[in-house]
Amino acid sequence: MLPVPVVQELILQRVTPLGVEKIHLYDSLGRVLAEAIVTPDPIPAWDNSAMDGYAVALGDWQLTPEPVLTILEELPAGKIPQKPLQPGFCSRVMTGALLPEGTEAVVMQEQAEVLGGDRVQLRGYPRSGQFMRKRGEFRSSGETLITQGTAITPAEIGILASLNKLQVPVYRQPLVAILSTGDELVPLGVDPRSGQVLDSNQPTLMALVRQCGGIPKAMGIVRDTPEALITLLGQCADADFILSSGGVSVGTYDYVEAVLERLGAEVLVRQVNMKPGKPLTFAQWGQTLYWGLPGNPVSSFVGFWLMVYPALRKAAGHPHDWLPKEMTAVTTAALKSGGDRRHYLRGRLTWQDGYHFEPFGLDNSGNFANLSQVNAFAVLESGQTRVAAGCEVRVVVL
Ligand code: AMP
Ligand code: MG
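Please read all numbers here as calculations on a predicted model, not as lab measurements.

### Overview of the sheet that holds strand β17 (residues 241–245)
Two pairing modes exist for strands in a sheet, parallel and antiparallel, and in both the strands are linked by backbone hydrogen bonds.
Move 1: With respect to topology, 6 strands assemble into an open sheet ordered β16-β13-β17-β21-β20-β18, the strand pairing being mixed. On the outer flanks of this sheet lie β16 (215–222) and β18 (266–271), each paired with one strand and no other. Within the sheet, the average angular offset between the axes of one strand and its neighbour, ignoring direction, is 15 degrees.

### Remarks on the packing of helix α1 (residues 4–13) against helix α6 (residues 297–315)
Move 1: Their axes nearest at 9 Å, the elements α1 and α6 cross at an angle of 30 degrees. Taken as axis vectors, α1 and α6 run roughly parallel relative to one another. As α1 packs across α6, the resulting crossing turns out to be right-handed. Counting all contacts with α1, which are made through Val4, Val7, Gln8, Ile11 and Leu12, the residues of α6 involved are Leu306, Met307, Pro310, Ala311 and Lys314.
Move 2: Class assignment of the residues belonging to the contact of α1 with α6 gives a composition of 8 nonpolar, 1 polar and 1 charged.

### Comments concerning the domain arrangement of the chain
Move 1: Domains assigned within the chain are domain 1 (4–17 + 173–315), domain 2 (26–43 + 139–171), domain 3 (48–133) and domain 4 (326–397).
Move 2: A separation of 35 Å is found between the C-alpha centroids of domain 1 and domain 2.

### Let's talk about the nonpolar core
Move 1: With 41 residues, the main nonpolar core has Leu243, Trp291, Phe304, Met307 and Tyr344 as its most contacted residues.
Move 2: Listed by contribution, the elements that provide at least two residues to this core are α1, β13 (175–181), α3 (201–211), β17, β20 (279–285), β21 (288–293), α6 and β26 (376–380).
Move 3: Counting residues domain by domain, this core receives three or more from each of domain 1 (4–17 + 173–315) and domain 4 (326–397).
Move 4: Once you skip the residues sitting within four places of it in the chain, tryptophan 291 turns out to touch Ile11, Phe241, Ile242, Leu243, Ser244, Thr281, Phe282, Met307, Val308 and Ala311.

Conventions we followed
- Residues numbered from 1 in each chain as written.
- Chains lettered and ligands numbered in written order.
- Predicted model: local features only at pLDDT ≥ 70, side-chain atom pairs only at ≥ 80, totals over all residues.
- Heavy atoms only, no water.
- Pairing = 2+ DSSP bridges.
- Helix = DSSP H or I, 4+ residues; strand = E, 2+ residues; numbered from the N terminus.
- Axes fitted to C-alpha atoms, helices over the stretch in contact; angles between N-to-C directions.
- Parallel < 35°, antiparallel > 145°, perpendicular 65-115°, else oblique.
- Left-handed = near helix turned anticlockwise from the far one by under 90°.
- Contact = heavy atoms within 4.5 Å.
- Nonpolar A, V, L, I, M, F, W, Y, C, P; charged D, E, K, R; others polar.
- Domains from an automatic or database assignment.
- Core = buried A, V, L, I, M, F, W, Y, C linked by side-chain atoms within 4.5 Å.
- Buried < 20%, exposed > 50% of the residue type's maximum accessible area, 1.4 Å probe, protein only.

Here it is, written out as C-alpha cells:
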C-alpha cells in the first residue's frame with residue numbers, strides 16, 4: 001500500500017506535456033500556451049491621448065494666466081494629425097487619438113472653456129507630458145507579454161487579440177478513453193432490474209475529464225471477463241490516457257491488473273494508502289497511461305481528483321501546480337476516521353471571515369447521493385481518528 005504523495009509523484013514522472021497545435025483565438029479559452037507571446041511593436045505603438053481634451057506644446061504662453069489658444073484641428077481616435085503644434089496653438093483630441101507633432105501635454109477638457117470660434121481658454125498650467133500615453137510607455141518591442149505555460153483566460157484573449165494573433169500555439173488536450181467494468185452495469189436509458197446498476201461513473205468521469213481540460217471518449221461498459229476487457233482496450237489505441245472503473249479489488253471478478261499484465265503493461269501501483277479508494281491500479285501500457293479506478297462512485301471520484309487530475313494538468317502543459325491545491329480550514333462539524341488509512345472526507349468549503357469546511361456526513365464510499373456541490377476533501381492522516389468541530393483541518397480544494 002503506497003502513500004498518496006508517493007503515488008502522485010510516480011504518476012507525474014510518467015507524464016510529459018503533449019504536442020503543440022495551433023488553434024483559433026476564439027477557441028483558446030482555458031487552453032495552455034505552448035510559446036511565450038512577445039510583442040513585435042512597442043505598446044502603445046504611438047503617442048496618444050489619455051483624455052478628451054487639448055494637445056498643447058509648452059512655451060511662453062503659459063506665463064499668461066488663463067491663456068487663450070487657437071484650435072488647429074479636431075482629432076478623434078483614428079484620425080491622422082495634419083498640423084504640427086506651435087506655442088499658442090492646440091488641437092482638440094479625444095481619448096486614444098494620435099497626438100500631433102510637437103505635443104508636450106494634454107489638457108483635459110474639464111480644464112478648458114471653449115470661447116467660441118476656434119478659441120479655447122485653459123485653466124491652470126499643464127505639466128510636461130501630462131495625460132499623454134507615450135509610445136513604448138507600457139512595453140518595449142520584443143518584451144514578453146504572456147509566458148509559456150499560461151492558462152488562457154479572457155485577459156490573455158484580449159492581449160492576443162491586441163497583437164492580431166488569430167492562431168494561438170497551445171498544448172494538445174489529452175484524449176482520455178473512459179470505460180466501466182461490471183456485469184451488473186447497464187447504460188443510461190435502460191430500466192435496471194433489481195440488482196442491476198446504472199453506469200453513473202462513466203458520465204461522471206467524462207465530466208471530470210472535460211472540466212479538467214481533457215477530451216473524454218466514452219468507451220461503454222465491459223463485461224466481467226478478461227477477454228471483453230482485452231477487446232475493448234484494443235479500441236483505445238488512440239487515447240493518451242485510459243480510465244476504467246471497477247474490477248480493481250480482490251474479488252473474483254477483479255481482473256483488471258491481470259489483464260494489464262497479460263498485455264505487457266507495466267503495473268506501477270496496485271494499492272494506495274487512502275480511504276476511499278485503496279484499490280487503485282496505475283500502469284503504463286506502451287505510450288498510454290492506464291488508471292484502474294475503484295468501482296464505488298465516491299471512490300472513483302476521489303481517486304480521479306488525487307491521481308488523474310494532476311496528470312491531466314501536466315499533460316495539458318501546465319508548468320507546475322499539478323496537484324490539487326491544499327489549504328487549512330475550520331471544520332463546522334466533528335470529523336471522524338477509522339485511522340487506518342489517510343482519509344478524504346467530502347464536503348463544502350466556504351468563505352466567511354475565513355475558510356470553513358462543512359462535511360457532508362454519512363461517510364460511505366457507496367453513497368454518491370450527498371456529493372452534490374462537493375468542492376473539497378478534508379484530510380485526516382493515518383492514525384488521526386477525530387477532528388473536533390471548530391478546529392483546523394487540512395483540505396484539498398477541487
Ligand atoms: P467493483 O470495484 O467493481 O467491485 O465495484 C464496487 C461497487 O461499485 C459495486 O457496488 C458496483 O456495482 C459499483 N460500481 C462499479 N462500477 C460502477 C459504475 N460504472 N457506476 C456505478 N456504480 C458502479
Ligand atoms: Mg465490478
